[in-house]
Every structure is written in structure tokens, then in C-alpha cells.
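# Structural characterization, general
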Amino acid sequence: LPSMQTSGSKPCPCPSFKLREVASMYFTMIAVFLVILVVALQGSVPHRSDFPYKVPLDPQGLLELSWNVSYPEQAVHFQLLVKDLQFGLLFGMSDRGEFENADLAVLWSDGHNSYFGDAWSDAKGQLHMDSQQDYQLLGARRAPEGLYLLFRRAFSTCDPKDYLIEDGTVHLIYGILEKPVHSLQAINISAIHRGLQRVQLLKPNITIPELPSDMKTMEITAPDVVIPSQETTYWCYMAELPDGFPKHHIIMYEPVITAGNEALVHHMEVFQCAAEFDSFPHYNGPCDSKMKPDRLNYCRHVLAAWAMGAQAFYYPEEAGLAFGGPGSSRYLRLEIHYHNPLVFKGRRDSSGIRLYYTATLRRYDAGIMELGLVYTPVMAIPPGEDAFILTGYCTDKCTQLALPAAGIRIFASQLHTHLAGRKVVTVLSRDGRERQVVNADGHYSPHFQEIRMLKEVVAVFPGDELITTCTYNTEDRSRATVGGFGILEEMCVNYVHYYPQTQLELCKSAMDPGYLHRYFNLVNRFNDEEVCMCPQVSIPQQFFSVPWNTFNRDVLKSLYGFAPISMHCNKSSAIRFP
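These numbers were taken from a predicted model, which means no experiment stands behind them.

The rules behind each value
For every chain, the first residue of the written sequence is number 1, and numbering continues from 1 along that sequence. Given that this is a predicted model, residues contribute local features only at a pLDDT of at least 70 and side-chain atom pairs are listed and counted only at 80 or more, while totals for whole chains, interfaces and linings are drawn from all residues. Side-chain numbers come from the whole structure's heavy atoms, not from hydrogens or water. Each helix is a run of H or I in the DSSP string that is no shorter than four residues. Each strand is a run of E no shorter than two, and both are numbered from the N terminus. In this analysis, the expected span of each helix is defined as 1.5 Å times one less than the number of residues it contains. Accessible area is worked out with a 1.4 Å probe on protein chains only. A residue is then buried under 20% of its type maximum, exposed over 50%, and partly exposed in between. The arc refers to the directions leading from the helix axis to the C-beta atoms. Contact definition: two residues touch when any of their heavy atoms are within 4.5 Å. Just to be clear on terms, a salt bridge is a Lys or Arg side-chain nitrogen sitting within 4 Å of an Asp or Glu carboxyl oxygen. Where each domain starts and ends comes from a domain assignment, either automatic or drawn from a database. By buried area we mean the combined loss of accessible area, with a 1.4 Å probe, across both parts when two parts are placed together. Think of a polar contact as two N or O atoms within 3.5 Å of one another; within protein, one of them needs to be a possible hydrogen donor and the other a possible acceptor, and neighboring residues in sequence only count if both atoms come from side chains. Residues were grouped as follows: Ala, Val, Leu, Ile, Met, Phe, Trp, Tyr, Cys and Pro as nonpolar; Asp, Glu, Lys and Arg as charged; and all remaining residues, including Gly, as polar.

Okay, helix 5 (residues 550-562) next. Across its 13 residues, helix 5 extends 19 Å between first and last C-alpha, which sits within 8% of the 18 Å expected from 1.5 Å per residue. Along helix 5, the residues that are buried comprise N552, R553, V555, L556, L559 and Y560. Down the axis, helix 5 shows its buried residues gathered within 165° of arc, on one side only. Helix 5 presents T550, G561 and F562 as exposed residues on the side facing more than 90 degrees away from its buried surface. Buried residues along helix 5 sit against strand 26 (380-381), strand 27 (388-394), strand 35 (506-511), helix 3 (513-526) and helix 4 (539-544).

Next up, the structure:
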């Protein structure tokens, strides 16, 4: 569209022009263009296949985003369906979903004309026109279901006001303008109907493997449950495989979402229960209910995980995930996270996951291995930290012992922390040098965890190291956060999906506990307030009594950097490699 160059892109012949006038001319041009376009394109709707990824932005489903990724062009094409357009909308990206320091595409109307432009918000949330227009409007179409807006954005624009689109989680933000506005600056973003949605924008470009002719499907779905009228619910439902179900390979799975609930079903997982129990009780109810049988806590082996915006998950053609047969439990637990911020009442749901499986076993069983930090209070984060780093190691000694000579291939990964986690990265190191990033998420959110297929398979050989680093923010906390299973405790884990399966299930580390004892001794020597070292006081209690001055913080940071580690190189949760 040559006529739609931005004002800043070519030298202006008359210096008396103010940018604002140029901008207003530019927007008037676009406004005319929009009107012409809407008329010209009435009724022609783009093919669904052009935009393979789709997610509802708001809980009512009035805004629906579809997109595609072009790696050759290094750009994302967006299609936004606005079902009930009033006086415009904001759509954009920011570090963690804030409306301050955000990068935005804005469509607004003063009641007569409509304008579209690339804008940014400052630290106070005030909107400004961007001097470099990087959201390129490609078209607008009116259809019976609403207005389609098509626009394009490069991953990287070299504009300091723009968000850099990277691998991993992207926090998308939206706002709906319900009244006419006379200028961009007049939009008060704190007073509009607004929200955020998390997605993985840069989906990997994977060739879909050929599926076998004897493939069968099995749906693990909620039995027509009434979604509770509260913002957050984790629903648990127990299902079981048929009696005497032999060993099969799961080769793909996909979500099954009840029509109309697309904006409420946030994420879902299917877990297999532990084989050491002959039976598990039936259960269908909230996961945090006092009525939930304790035995369900032994259903923790992930078979499938889906989060909003994710597509079908495919196993590589030479591997499948084994289930059924001897030594494998018949019992499965479906867990669904419902996100219902508008507190709808009486909505019924039968969502779940459809497994595709085959009796013709593939060459390799796929396995899941835990990398990162052991769940221990020895690893802690002081309060009031904006970016505190903890690292867990899968060492060369462990991979030397446990991996086959031909190595393993990692094809997918699920990162996991609790509420303070902000970034997670795993790197592969060989001969003391970092060689490859296995998976990284610089805008990680604990509210959006999915199993992600990797862009390229990562080969890991005996003697390689896998180093997982998590960054935490505890600015809203007044006491130390220790490692552990509780939601206010922390974890740093990467569940990697790989083949061929080995005996190595867990390859994690923590600092040697003896060094923590020395740390508490040192704190006592330098501080007036005593940290109680008595043997009966737990490590969390000792951490809670540390006065968090700069000295105590810095010593803990450097201790985590250089103290020896205690290594867990485990066959199953309790058995270690010698």
C-alpha cells in the first residue's frame, strides 16, 4: 500500500508542517481508506487456513484474535474480529500485561471518521502517537459476524517504543472504546473496558507427521459440569481406561472445548495415576475441595497438557507416549482450570482432551524428565527482590551415567514455577561451553503453562550439562520465599519431553545444605538480631528471621553462585543412580 507510508518515513518538503498536522492528514487518509475498504470488502471473509492460530481476547468473546507467523518475513499477521464495534479499540503488547509502557495499535472514532495508528503509552499510561508506524493496516472487512481488521507487525522494529516479539509467552492487551474520542491523547486508558490475554505468538513451524491408519481416539472430558460462579476454579475428574487395555502409543492430542466456553476454559491437563495403587476413587468436583480423596494426589504423571491458544500437539513420527499395559495405571485424572472473571452462573461444560493413539507401537517410547531445582527450602528468595536468580543443574556426571551413547532427543518442553516466577531458561552446555538454548521464556507467566513443541529438536549426549535458570520477583512479599510444593513457595522446573525413554526421570540440584548452615552463622555474627540456629527450628523459620539488609541479600546471592551443589540424579522419585 504505497499511499500509506507514515509521515516520518520521507523528508517533509515544507518545514512549516507540524508532525500533528501530518499525522492528522495521515490518519484522515487512512480513515478514508478504511471506509472505502469496508465498503469494497463487504462480505468477503478471509480463509480460516490463512490464520491457523486463534484465541478469544476477552471473557465474553467479543474480540477474537487469529494470527499466522511468517519466519521468512520475520513478521506476524493478525486478524482481529470485533463482534460489536462501538467507537474503536486498543490492541497491543507489554512486558507483563500492563497498560503502562505498552506498544499499541489503536482504532478510534470521533463519531464521524475512524482512525488507525501505531501508538505507545508512557509510564503514566498516557497515549502517544509513535513517530515510527510499525503496525501496518492491511485491510478492514465488514461481515455478518462483525468487523475484521487485518494488520501486520514485524518481530523486531528497532523502535525503542515497540515491543520485541520473541519466543515464549506474549502478554496481549486490549481495550474497548465505548464513547467517541476526539484525539488519541484524549483516550483515558484507566477508564475503559480492558484486559489481557497470554499466548505463544511465535508458534514453531512444524511439519505434521503422517498419522497411522489404525489410529483410534479417546476423549477424556468433563461430564457436563456446571462451571462454578467464581473467578478461578480447578476442576478434577477421574476417568479410567477399559479393563485389560494393552500398551498403546499416544501420537497426538488436541483440545475439545464446549461451544460457547472458549473464553472460560483456560488450561487443561490429563494425568496418569501411580501404578502402585490397584484402584482410585471416583471423583468429580473442585480440586481444592475437602471432599477430594487424598489418593488423587498420586495422579501426577502428565499425559497431555493444553493451554488457551495452543493447537494440537504431535509426537515426532519415530516416538509415542506409552500408556496402558502392565505396570501402567488404568486411572486418569483430568484437571481443568476455568477462568470466569465475569462470574457467569449456570454455564455447563464438557471440555477435555482428545487423545489419538495407536496399537502399532512406534520405534521409541517418549519420556519426560524433570530438570531444574530440587523442591527444598534450602533455595530461597529474599523479599522485595525485582529479579532474583536461582539455577539448577543436570550435571555432566549424571548424563554420563544415565544417557545412552547415542544420546536423547528433546522435542518439547513445559516450564514451571509458582507465583513469583518471571523468566525461565534452559541451556545445553558441552565441554564447559553453552551450545544451545533448549527453551527460554523471557515473559514467563505462572498463569500460562503449556507443553511447547520446540522449533528444533535438541540432541543431548552423555557428558552434556543442562542448566535451568529461573528469575523471580518478590517485590510484593514481606518475608523470604522458600522452595517447596506450596503455591507461596517456589519451584524452578523444566519438564522436557524426549526420546528414547531412559531410566533418568529427574536430574536436578540444590545448594549443599551445609553451606546454608554457615550462612546463618555468618548472619548471626554480623547482626544484632539473632537468627535462631537451634536444631528444632526449620530452615523456612530460619529464613523468615533473617533481617534482609543489603549485606545479607548479597551474601546469599553469591553463595548460590559458588557453593557446592547436592545433585539428584534419580531413576524414579526415590531411587538415585549410584
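For the structure on display, the rule yields 19 salt bridges. We note a salt bridge from R153 to D103, for which the minimum N-O separation is 2.6 Å. One end of the pair, R153, is in strand 9 (residues 146-154); the other, D103, is in strand 5 (residues 103-109), with 50 residues separating them in the sequence. A relative accessible area of 0% means that R153 is categorised as buried.

In many analyses, interface size is given as the accessible surface area lost on bringing the parts together. When cut into domains, the protein chain gives domain 1 (53-199), domain 2 (207-362) and domain 3 (366-577). The C-alpha centroid of domain 3 is placed 28 Å from the C-alpha centroid of domain 2. Buried area between domain 2 and domain 3, both sides added, is near 1300 Å², and the carbon and sulfur share of it is 67%. For the domain 2 face of the interface with domain 3, the top three residues by lost area are A307, F313 and P316, together amounting to 28%. At the boundary of domain 2 and domain 3, one finds 0 salt bridges. Counting every contact that joins domain 2 to domain 3 gives 3 residue pairs in polar contact (both at pLDDT 80 or more). Looking at the side of domain 2 that touches domain 3, the elements that each hand over two or more residues are strand 16 (265-272), strand 18 (301-307), strand 19 (313-314) and strand 20 (319-323). In terms of residues, the side of domain 2 that touches domain 3 owes the most to one element, strand 18, which gives 5 residues. Its residues assigned to classes, the side of domain 2 that touches domain 3 shows 14 nonpolar, 3 polar and 2 charged.

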